[in-house]
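# Structural features, examined
Here is how the chains run, residue by residue.
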Amino acid sequence: MSFFLLFVCLAMSAVALWRLPAIRYGDPLRRALWGCAAGFSVALWSRFPPVEHGIDSLGVTDLSGLTKDFAAMAASLALLSYAVTSYGVSQDAPPRHIEICRRVARVSRRATLAVIPLMLFLFFVAVDRSVPSRDLTASHAGEWGACLFATCFYLYLGSAGATCGYQWGHVSRRADSAVLRISLALGAAACWLFAAYSVIRVSFMWGAMIFPPSPGSTHFVVSLSNLLNSLGALLFMCGASLPTTGVALERWKTRRMLWNLHPLSQDLAHQFPGLSFQPPASRLREAVRHVPALDIRLDRTIQAIGDAAEQLRHHVVPELWPVIEQVTVEHPDQEAAAEAYWIAAALHSAREGRRSERPAPALPPKPYSDSIGEGRWLVRVQDVYARITPAAVDALLDGAGQPPAVVHAQSVPA
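Residues numbered from 1 in each chain as written. Predicted model: local features only at pLDDT ≥ 70, side-chain atom pairs only at ≥ 80, totals over all residues. Heavy atoms only, no water.

## Considering the overall build of the protein chain
Counting secondary structure elements, the protein chain contains 15 helices and zero strands. Considering only contacts in the protein chain between residues 6 or more positions apart, those separated by 24 or more positions represent 78%. As displayed, the protein chain has an accessible area near 21,900 Å², and 63% of this comes from carbon and sulfur atoms. (Helix = DSSP H or I, 4+ residues; strand = E, 2+ residues; numbered from the N terminus. Contact = heavy atoms within 4.5 Å. Areas by Shrake-Rupley, 256 points an atom, 1.4 Å probe, with all protein chains shown as cover.)

Written out as structure tokens, the structure reads:
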């Protein structure tokens, strides 16, 4: 169990660190989600034995339990704030389920001003802490002071879990995308596990006042509730990370696409520097650049390559394309290979100062749906372009009857 708890602690901490930049953004939705991850992370670490012993060694008996409960309460409030904020602000009468969520969040925030002082009073005055306890539920079940203290905490966690579990389960069925449906379903399952954890714990503690539990039943309830809590944290982490993971994967694909397109775009940018929005840099420098955004850089790169291909039409004869089609007829990727050979031949011709009286026709159009699709096509072109030899380019130009290169006269010193 300790290894599983350590895994969940590390995973939740990673999510909290991943979302740490949300603190400096003005988006309350991001801040609320970071608050959930950070609060649950602190609560989980407070249960991990080495950290628990370290907190308790500060001189306050069972301080780790108080830290865990307050951190989980903060996470519960952030969870409710996230659920409320995600619906936005509407002037019309909201549906019943949204109004319930807002009301629970409003009451919870206002009640915190009274609940936290009450919990502190009960913890230091009413809870018997003469002997350090490993678990509040196991050690103080049936004691009225501990039962009241636990009820204050579990009322927050249980109400937040049940409210958000109902809301997200209701919304997940109507989500637009599969990723969002899965994310909301995982979040709803996690919240219901938190609610079940709260109900089991508080019911056991109050029930022990009438029916004293045996050591075996106590161990079972504590183990079961801890498992539900850890599973809930794990599902919440997965649900909260799934949409962001998809965005991160898309960014990685875009960055990789820019990396693959760099040789082709750099060759064209050197030949036509006026078409680039910024001077061509090295491949490594382009890889670590953060400004402008990746999607903007991809759009600019694709536009620059297209504009350069348009300029290259004036440096080759129209007969070049039929020759290239014959050469690439047996290539596995014939269309991309033909375009790559045409760009390589036209670029070589432009570098040598050749210019055709009749511009070549434009490259065959492709049915691009977005920049990503066009980028994938150009990556295929780049793969062939990188393997074209100068001898093959000269053979193509000679076969198409390309005019000779322009020879610039040089003055000879007397």
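## Overview of the pattern of salt bridges
Tallied over the full model, the rule gives two salt bridges. Among the ionic pairs, Asp-69 bridges to Lys-68, the shortest N-O distance being 2.8 Å. For Lys-68, a relative accessible area of 15% puts it in the buried group. Put simply, Arg-313 and Glu-310 hold a salt bridge, and the shortest N to O gap is 2.5 Å. (Salt bridge = Lys/Arg side-chain N within 4 Å of Asp/Glu carboxyl O. Buried < 20%, exposed > 50% of the residue type's maximum accessible area, 1.4 Å probe, protein only.)

## Details of helix H15 (residues 390–399)
Two residues of an α-helix separated by three or four positions point the same way, owing to the 3.6 residues in each turn. Residues of H15 that are buried include every one of Val-393, Leu-396 and Leu-397, and no others. Take H15 and look down its axis: the buried residues cluster within an arc of 95 degrees, on one side only. H15 presents Ala-391, Asp-398 and Gly-399 as exposed residues on the side facing more than 90 degrees away from its buried surface. Tucked inside the fold, the buried residues of H15 contact helix H12 (320–327) and helix H13 (334–351). (Arc of directions from axis to C-beta.)

## Some words on the nonpolar core
Residues Met-12, Trp-168 and Phe-236 are the most contacted members of the largest nonpolar core, which totals 63 residues. Leu-312, Ala-346, Leu-363 and Leu-378 belong to the second-largest nonpolar core, a separate cluster that totals 41 residues. (Core = buried A, V, L, I, M, F, W, Y, C linked by side-chain atoms within 4.5 Å.)

## A word on the packing of aromatic side chains
Following the criterion strictly, the structure yields eight aromatic pairs and no others. Taking the centre distance of 6.0 Å and the plane angle of 80 degrees together, the rings of Tyr-82 and Trp-168 count as edge-to-face. In this pair, Tyr-82 sits in helix H4 (residues 63–85) while Trp-168 sits in helix H7 (residues 144–172), placing the two residues 86 residues apart along the sequence. Residue class for Trp-168 comes out buried when judged on its relative accessible area of 7%. Centroid distance Phe-153 to Tyr-154: 4.8 Å. Interplanar angle 55 degrees. Geometry classified as tilted. We classify Tyr-154 as buried; its relative accessible area is 7%. These aromatic residues form a ring-pair network of at least three members: Phe-40, Phe-194 and Phe-236. One Lys or Arg, Arg-129, reaches over the ring of Phe-123 and ends 4.5 Å from the middle of that ring. (Phe/Tyr/Trp six-rings, centres within 6.5 Å; stacked < 30°, edge-to-face > 60°. Lys NZ or Arg CZ within 6 Å of the ring centre and 35° of its normal.)

## With respect to unusual backbone geometry
Not every positive phi belongs to a glycine, and Asp-62 is a case in point at roughly 60 degrees. Mapping Asp-62 onto the fold places it in the loop between helix H3 (49–56) and H4.

## Some words on H7
With 29 residues, H7 extends 40 Å between its outermost C-alpha atoms, agreeing within 8% with the 42 Å of an ideal straight helix rising 1.5 Å per residue. Considering bend angle alone, the principal kink of H7 is centred on Tyr-154 and spans about 25 degrees. (Expected span 1.5 Å × (residues − 1). Bend = angle between axes of the 7 residues up to and from the residue.)

## Describing the packing of H13 against H15
At a minimum axis distance of 9 Å, the contact between H13 and H15 shows a crossing angle of 85 degrees. By the angle between their directions, the pair H13 and H15 is classed as roughly perpendicular. Facing H13, whose interface residues are Tyr-341, Ala-344, Ala-345, His-348 and Ser-349, H15 presents Ala-392, Val-393, Asp-394, Leu-396 and Leu-397. A per-class count over the contact of H13 with H15 returns seven nonpolar, two polar and one charged. (Axes fitted to C-alpha atoms, helices over the stretch in contact; angles between N-to-C directions. Parallel < 35°, antiparallel > 145°, perpendicular 65-115°, else oblique. Nonpolar A, V, L, I, M, F, W, Y, C, P; charged D, E, K, R; others polar.)

## Section: the state of the cysteines
Note on terminology: a disulfide is the covalent bond linking the sulfur atoms of two cysteines. Following the criterion strictly, the structure yields zero disulfides and no others. This cysteine, Cys-164, is not joined by any disulfide, and Cys-191 carries the nearest cysteine sulfur, 4.9 Å off. Taking relative accessible area as the criterion, Cys-164 reaches 0% and is therefore assigned buried. (Disulfide = S-S within 2.5 Å.)

## Here we look at the environment of Ser-133
As for its position among the elements, Ser-133 is in the loop between helix H5 (96–126) and helix H6 (136–140). Exposure remark for Ser-133: the relative accessible area of 13% places this residue in the buried category. Once the C-alpha coordinates of Ser-133 and Gly-65 are considered, the two residues, 68 residues apart in sequence, prove to be 9.1 Å apart. The contacts of Ser-133, once residues within four sequence positions are left out, are Asp-62, Ser-139 and His-140. Reaching out from Ser-133, the side chain makes a polar contact with the side chain of Asp-62 at a distance of 2.9 Å. (Polar contact = N/O pair within 3.5 Å; in protein donor to acceptor, adjacent residues only side chain to side chain.)

## As for the side chain of Ser-265
With respect to the element layout, Ser-265 can be found in helix H9 (residues 215–271). A residue is classified by how much of its surface remains accessible, and Ser-265, at 19% relative accessible area, is buried.

## Here we look at the confidence of the model for the protein chain
Here the protein chain averages 79 in pLDDT, while 86% of its residues score no lower than 70. Residue range residues 406–414 is modelled with pLDDT below 50. Its contacts to residues more than four positions away, or to other chains, number two contacts. (pLDDT = per-residue confidence, 0-100.)

## Structural notes on the side chain of Thr-218
Looking at the secondary structure, you find Thr-218 in helix H9. Residues within four places of Thr-218 in sequence aside, it is in contact with Ala-138, Phe-204 and Pro-213.

## Topic: the packing of H7 against helix H8 (residues 178–207)
Orientation of H7 relative to H8, taken along the N-to-C sense of each, is 155 degrees, at an axis distance of 7 Å. Here H7 is positioned roughly antiparallel relative to H8, judged by the angle of their axes. Of the two elements, H7 crosses H8, and the hand of that crossing is left-handed. Grouping the amino acids of the contact of H7 with H8 by side-chain chemistry returns 22 nonpolar, eight polar and two charged. (Left-handed = near helix turned anticlockwise from the far one by under 90°.)

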